[in-house]
Amino acid sequence: MADADLSQLVKAYDVRGVYPDQLDEGLAELFGAAFAEVTAAREIVVGHDMRPSSPALVEGFARGAAARGADATVIGLCSTDQLYYASGALGLPGAMFTASHNPARYNGIKMCRAGAAPVGQDTGLREIRARVEETMRSGLPAPRTAPRPGRVTTKDTLASYAAYLRGLVDLSGIRRLKVVVDAGNGMAGHTVPTVFDGLPLDLVPMYFELDGTFPHHEANPLDPKNLVDLQARVRAEGADLGLAFDGDADRCFVVDERGEGVSPSAITALVAARELAKQPGGTVIHNLITSWSVPEVVREQGGVPVRTRVGHSFIKQEMARTGAIFGGEHSAHYYFKDFWNADTGMLAALHVLAALGGQDAPLSALLGVYQRYVGSGEINSAVEDQHARTEAVRALYTGRDDVSFDDLDGLTVTTRDWWLNVRPSNTEPLLRLNVEARDEETMAAVRDEALKTIRG
């Protein structure tokens, strides 16, 4: 069994570490047993991504759950949102083995309760970790076996997942579109062909071969360098748009017909408008570093915007608390009430395709109404004292006219013409800066002034 430090392995929302040094089959078995105990499940569902280590880890996890009396339904290769679909549709707690966009040597576990309800530190993960540690201290090689061990069976959910998504967005009447999809050798290479099958789309696939070593580029579209191949291919093909998915295919980034990246805030605003057209007066969740355009569009469409901290656990909590119909983040996570409040980049992509194909303008023109301001993107700075540098930013703007402050997540400074947010990383000695303004010149001036103070 891996000689793991669980304080390093168990994160705020998931389990993630290097295979097999930090996470191996034996430890996965202990997590499976603890997960079954904490959820009190009679049955669980388990899936995995394309990493070479994933099948063995799933086998260990399922064995641990079965030892504690829970049946384990293994759905095999899947995207993270396909696992959420299985959890919601089957009404079962679930576990997804993936390390998302992390390098090939990593793997991890994302867990949820029945109905895709998240499992984080405050919703079961802390207790799961404690039970694993207790078993490790006992010296037992494996979990104690229940009087009636569970069974391990397999089930294919890809076709029903695809049909469910297509049932939420009608693309039958759209004009034919050419779309380039960069799967990054991740799970979109598995899901996209089935989801797009039979739709009026000419699909140009890029890097659809499942390969957890990521031979072409890192499967992290949040980093602009990983979009370069897609942007070039969209221009070369004369395509209507491009889509880029991360490794476990729960996030989706969009490139317009010019090969220009589209802000996830613009996609959030577009999808919010479409969802509000179906459910007038609904609540839409957005985190505090999405563009000003998002709450503006929500209000214009008669909806109620609700601002939250950054992070999927906060979004999902607010989705449940408010009964929100949709939620979006700057990181291209999109959450839908019709998808058990879980995030699915694939459903957001279908909304973009439906909106584009339902009218004649190119994507850049369609989205122009939602791209109203100029943003800096997220800029990281290594600092020794996060609190001190944050307070230095506060001091910089204190006493200026038309300035307000709030501390919902780090420090947000707001004026009539711009806003900035500085927030600490939870895992590294970094401060993350985001700036948005009404024009490029103002954004650059505020960005540079804030960075000079942060890096003091």
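(A) Quick peek at the overall build of the protein. The secondary structure content of the protein amounts to 15 helices and 22 strands. On C-alpha atoms alone, the protein measures out to a radius of gyration of 22 Å, which is about the 23 Å that the 2.2 N^0.38 rule sets for 456 residues. For the protein, the spread of C-alpha atoms along the three principal axes comes to 70 × 55 × 45 Å. For the protein, the share of sequence-separated contacts (at least 6 apart) that also reach a separation of at least 24 residues comes to 68%. For the protein, the exposed area adds up to about 18,000 Å²; of that, 48% sits on carbon and sulfur atoms. Of the charged side chains in the protein, 45 are positive and 60 negative, and the gap between their average positions amounts to 4 Å.

(B) Local environment of the packing of aromatic side chains. With the rule as written, the count across this model stands at 12 aromatic pairs. Consider the rings of Tyr164 and Phe339, whose centres lie 6.3 Å apart with planes at 50°: the pair is tilted. Highlighted residues: Tyr164 in helix 6 (residues 158-168) and Phe339 in the loop between strand 16 (334-336) and helix 12 (345-357), separated in sequence by 175 residues. Overall, Tyr164 belongs to the partly exposed group, its relative accessible area being 27%. Owing to a relative accessible area of 0%, Phe339 belongs among the buried residues under this scheme. Between the aromatic rings of Trp292 and Tyr373, the centroid separation amounts to 5.4 Å while the plane-to-plane angle is 75°, which identifies the pairing as edge-to-face. Remark: Tyr373 occurs in the loop between helix 13 (363-368) and strand 17 (374-375) and Trp292 occurs in the loop between strand 13 (283-287) and helix 10 (293-300); sequence separation between them is 81 residues. Each member of the pair, Trp292 as well as Tyr373, carries the same accessibility label: buried. One aromatic cluster is present, built from ring pairs that chain together Tyr85, Tyr161, Tyr164, Phe339 and Trp340.

(C) Structural context of the sheet that holds strand 9 (residues 201-206). Spatially, the 5 strands line up as an open sheet ordered 9-8-10-11-12, and their pairing is mixed. The open sheet is flanked by strand 9 and strand 12 (261-262), the only strands paired with a single partner. Sheet topology places strand 8 (residues 177-182) next to strand 9; 6 bridges connect them, and they run parallel. Residue Asp182 lies in a different strand from strand 9, and its bridge partner there is Met206. Across the sheet, helix 12 touches strand 8, strand 9, strand 10 (241-245) and strand 11 (252-255), and the angle it forms with strand 10 is around 175°.

(D) Here's a closer look at the nonpolar core. Grouped together as the largest cluster of nonpolar side chains are 84 residues, with contacts concentrated most on Phe196, Leu241, Leu243, Phe245, Leu350 and Leu353. Tallying contributions element by element places helix 12 first for this core, with 10 residues. Once residues lying within four places of it in the same chain are set aside, the contact partners of Phe245 are Val181, Asp182, Ala183, Ala188, Val192, Pro221, Arg251, Cys252, Gly345, Met346 and Ala349. In terms of nonpolar packing, the next biggest core, distinct from the first, is built from 33 residues, Val15, Ala28, Val38 and Ile44 among them.

(E) A look at helix 10. Burial in helix 10 covers these residues: Ser293, Val294, Pro295, Val297 and Val298. Buried residues along helix 10 sit against helix 9 (264-278), strand 13 and strand 14 (304-308). The positive-phi residue at the C-terminal boundary of helix 10 is Gly302, with phi of around 85°.

(F) Quick look at the side chain of Thr344. Structurally, the position occupied by Thr344 is in the loop between strand 16 and helix 12. From its side chain, Thr344 meets the backbone nitrogen of Leu347 in a polar contact 3.2 Å long. Apart from the residues within four sequence positions on either side, Thr344 is in contact with Asp81, Leu165, Asp250, Tyr334, Phe336 and Phe339.

(G) Representation of the environment of Arg400 in the model. Along the chain, Arg400 falls in the loop between helix 14 (386-397) and strand 19 (404-406). Sequence separation between Arg400 and Thr415 is 15 residues; the distance between their C-alpha atoms is 9.6 Å.

(H) Examining the sheet that holds strand 15 (residues 326-328) more closely. If you trace the 4 strands from one edge of the open sheet to the other, you get 14-13-15-16, paired in mixed fashion. This sheet does not close on itself; its edge strands, each paired only once, are strand 14 and strand 16. Ignoring strand direction, the axes of neighbouring strands in this sheet form an average angle of 20°. Sheet topology places strand 13 next to strand 14; 5 bridges connect them, and they run parallel. Counterpart to Thr283 in the pairing with strand 14 is Val304.

(I) The arrangement of the environment of Thr414 in detail. Inspection of the secondary structure assignment puts Thr414 in strand 20 (residues 411-414). Taking the C-alpha atoms as reference, Thr414 lies 41 Å from Thr191; in sequence the two are 223 residues apart. Residue contacts for Thr414: discarding those within four places in its chain leaves Trp292, Asp402, Val403, Ser404 and Trp419.

(J) Examining the pattern of salt bridges more closely. Counted according to the given criterion, the structure contains 30 salt bridges. The partner of Asp248 in a salt bridge is Lys110, and the shortest N-O contact between them spans 2.9 Å. Separated by 138 residues along the polypeptide, Asp248 in the loop between strand 10 and strand 11 and Lys110 in strand 5 (residues 106-113) bring together distant segments of the chain. Across the pair, Lys110 and Asp248 agree in class, each one buried. Here Arg394 and Glu391 are joined by a salt bridge, their closest N and O atoms 3.0 Å apart. Taken together, the residues span about one helical turn, with Arg394 and Glu391 both in helix 14 at a distance of 3 residues. Residue classification places Glu391 among the partly exposed positions, given a relative accessible area of 29%.

Calculation criteria
Each chain carries its own residue numbering, running from 1 in the written order of its sequence. Reporting of local features is limited, given that this is a predicted model, to residues whose pLDDT is at least 70; pairs of side-chain atoms are given and counted only at 80 or more, and all residues count toward the totals for whole chains, interfaces and linings. Think of the side-chain values as coming from all heavy atoms in the structure, minus any hydrogens and water. Under the scheme used here, helices are H or I runs from DSSP no shorter than 4 residues and strands are E runs no shorter than 2 residues, and both carry numbers assigned from the N terminus. For this measure, only C-alpha atoms enter the radius of gyration; the expected value for a globule follows 2.2 Å times N^0.38, where N is the number of residues. It only takes one pair of heavy atoms within 4.5 Å for two residues to be counted as in contact. For accessible areas, the Shrake-Rupley method is used with a probe of radius 1.4 Å. Any residue's cover is judged against the shown protein chains and nothing else. Residues scored as charged are limited to Lys and Arg (positive) and Asp and Glu (negative), so that His and the chain ends carry no count. Here the site of a charge means NZ on Lys, CZ on Arg, CG on Asp, or CD on Glu. Think of it this way: a Phe, Tyr or Trp ring, Trp meaning its six-membered ring, pairs with another when their centres are within 6.5 Å, and the plane angle makes it stacked under 30 degrees, edge-to-face over 60, tilted otherwise. The classification of residues rests on relative accessible area computed with a 1.4 Å probe and restricted to protein chains. Under 20% of the type maximum is buried, over 50% is exposed, and intermediate values are partly exposed. By the convention used here, strands pair only if DSSP detects at least 2 bridges between them. Lines fitted to C-alpha atoms define the axes, with helix axes restricted to the stretch in contact, and inter-axis angles between N-to-C directions lie between 0 and 180 degrees. The nonpolar core is taken to be a set of buried Ala, Val, Leu, Ile, Met, Phe, Trp, Tyr and Cys residues, with the residues joined through side-chain atoms within 4.5 Å. Whenever a nitrogen or oxygen atom comes within 3.5 Å of another N or O atom, the pair is scored as a polar contact, on the condition that within protein one atom can donate a hydrogen and the other can accept it, and that pairs from neighbouring residues in sequence are kept only if both atoms are in side chains. Whenever Lys or Arg places a side-chain nitrogen within 4 Å of a carboxyl oxygen from Asp or Glu, that contact is recorded as a salt bridge.

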